[in-house]
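The chain contents come next:
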Amino acid sequence: MRKLWGRANSVNVQKALWALDELGLAYERIEAGGAHGVVGDAAYRALNPNGLVPTLQEDDFVLWESNAILRYLAEAYAGPLALPPDLRERALIGQWLDWQTTSFTAAMRDAFLQLVRTPEAERDPALLAASLAHSEAQAETLDRYLRGRSYVVGERFSIADIALGCAAHRWLALPAVRAERPELQRWYAGLAVRPGAAVVMRQALS
């Protein structure tokens, strides 16, 4: 039995949900994290010592860290997420997975917390402005890179598109003024029509 622990409005859980749906794999999602709690329980910590989501369980196999889950699903089940045989293309997928975590999503963390989780009267304007500026720089990087490309790596959809698509969804949904990024928005619109993307695209920020 396959289980995925995590709340659907978590950007990291959304990556795993998208991949599972893209592959057509059956799973049970168990609410955890945020208002649902659970992640501090001893039983959950035995699965994921970080107390974070998502956590994937397949019988006695347990895996956490969202991009590790993406890599595992792509390698284990292939299908539309099959990794390319070319090692350099595979390396580029890994590169963009890392960039999503360490650059794009990291840049918008404070903006998300300030705009979505913090009452307006309690916001830190300097922290918010810095995060938005840093996020704009990352969005510009991605927009420039996507010029002339349908997908992040090569000529087919990959787990790099899932990871960056989830991050882009959060960025484009933030209640903030953003620069126009036509290439990023074109690529995002192409991803949004995929059946596996539905679970992500219907989620409001919270």
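Residues numbered from 1 in each chain as written. Predicted model: local features only at pLDDT ≥ 70, side-chain atom pairs only at ≥ 80, totals over all residues. Heavy atoms only, no water.

Engineer: Whenever I open this one, the packing of helix H3 (residues 66-77) against helix H6 (residues 159-173) confuses me. Can you help?
Structural biologist: Helices that pack against each other are described as a pair by the angle of their axes relative to one another and the distance between those axes. At their nearest, the axes of H3 and H6 sit 10 Å apart, and the two run at 150° to each other. As judged from the angle between their axes, H3 and H6 are roughly antiparallel. You can see that H3 and H6 cross each other, and the crossing is right-handed. On the side of H3, the interface is formed by Asn 67, Leu 70, Arg 71 and Ala 74, while H6 contributes Ile 159, Ile 162 and Ala 163. Residue composition of the contact of H3 with H6, grouped by class: 5 nonpolar, 1 polar and 1 charged. (Axes fitted to C-alpha atoms, helices over the stretch in contact; angles between N-to-C directions. Helix = DSSP H or I, 4+ residues; strand = E, 2+ residues; numbered from the N terminus. Parallel < 35°, antiparallel > 145°, perpendicular 65-115°, else oblique. Left-handed = near helix turned anticlockwise from the far one by under 90°. Contact = heavy atoms within 4.5 Å. Nonpolar A, V, L, I, M, F, W, Y, C, P; charged D, E, K, R; others polar.)

Engineer: In this structure, what is going on with the environment of Tyr 151? I would like to understand it.
Structural biologist: Mapped onto the fold, Tyr 151 is located in the loop between helix H5 (125-145) and H6. Exposure remark for Tyr 151: the relative accessible area of 22% places this residue in the partly exposed category. Each C-alpha atom of the pair Tyr 151 and Tyr 188 lies 9.6 Å from the other, and the pair is 37 residues apart in sequence. Not counting residues within four places of it along the chain, the set of residues in contact with Tyr 151 comprises Leu 146, Arg 156, Phe 157, Asp 161, Trp 187 and Arg 194. (Buried < 20%, exposed > 50% of the residue type's maximum accessible area, 1.4 Å probe, protein only.)

Engineer: Help me understand the sheet that holds strand S2 (residues 28-30) in this model?
Structural biologist: Each strand in a sheet pairs with another by means of backbone hydrogen bonds, the pair being arranged parallel or else antiparallel. Ordered in space as S2-S1-S3-S4, the 4 strands form an open sheet in which the pairing is mixed. The open sheet terminates on both sides in strands that have one partner only, identified here as S2 and strand S4 (61-64). Averaged over neighbouring strand pairs, the angle between their axes works out to 20° when direction is ignored. Relative to strand S3 (residues 55-58), strand S1 (residues 2-5) is paired through 4 bridges, and the arrangement is antiparallel. Across the sheet, the residue bridging to Trp 5 is Thr 55, located in S3. (Pairing = 2+ DSSP bridges.)

Engineer: Would you mind showing me how to read the nonpolar core here?
Structural biologist: With 60 residues, the main nonpolar core has Phe 104, Leu 142 and Trp 187 as its most contacted residues. Within the residue set of this core, elements represented by two or more residues are S1, helix H1 (11-23), H3, helix H4 (87-117), H5, H6, helix H7 (182-192) and helix H8 (198-201). Here this core spans two domains, since at least three of its residues come from each of domain 1 (2-76) and domain 2 (87-194). When sequence neighbours within four positions are dropped, the list of residues in contact with Phe 104 reads Trp 99, Ser 135, Gln 138, Ala 139, Leu 142, Leu 164, Ala 167, Ala 168 and Trp 171. (Core = buried A, V, L, I, M, F, W, Y, C linked by side-chain atoms within 4.5 Å. Domains from an automatic or database assignment.)

Engineer: I tried to follow the UniProt feature "domain: GST C-terminal" (unreviewed entry) in the chain on my own but got confused; where do I start?
Structural biologist: Mapped onto the present numbering, the UniProt feature "domain: GST C-terminal" (unreviewed entry) falls at residues 86-206. Taken as a whole, residues 86-206 contains 68% helix and 0% strand, while its terminal C-alpha atoms sit 39 Å from one another. (UniProt positions renumbered as here; feature names shortened; annotations may be inferred.)

Engineer: I tried to follow the pairing of S3 on my own but got confused; where do I start?
Structural biologist: The alternating pattern of S3 places Thr 55 and Gln 57 on one face and Leu 56 and Glu 58 on the opposite face, and all of these are buried. Bridging between S3 and S4 involves 4 bridges; their strand directions are antiparallel. Within S4, the position partnered with Leu 56 by the bridge is Leu 63.

Engineer: What is the right way to read the environment of Arg 149 from this model?
Structural biologist: Looking at the secondary structure, you find Arg 149 in the loop between H5 and H6. Sequence spacing of Arg 149 and Asp 21 is 128 residues, and the spatial spacing of their C-alpha atoms is 24 Å.

Engineer: Would you mind showing me how to read the UniProt feature "domain: GST N-terminal" (unreviewed entry) in the chain here?
Structural biologist: Mapped onto the present numbering, the UniProt feature "domain: GST N-terminal" (unreviewed entry) falls on residues 1-81. Helix makes up 38% of residues 1-81 and strand 19%, whereas the separation of the span's terminal C-alpha atoms amounts to 21 Å.

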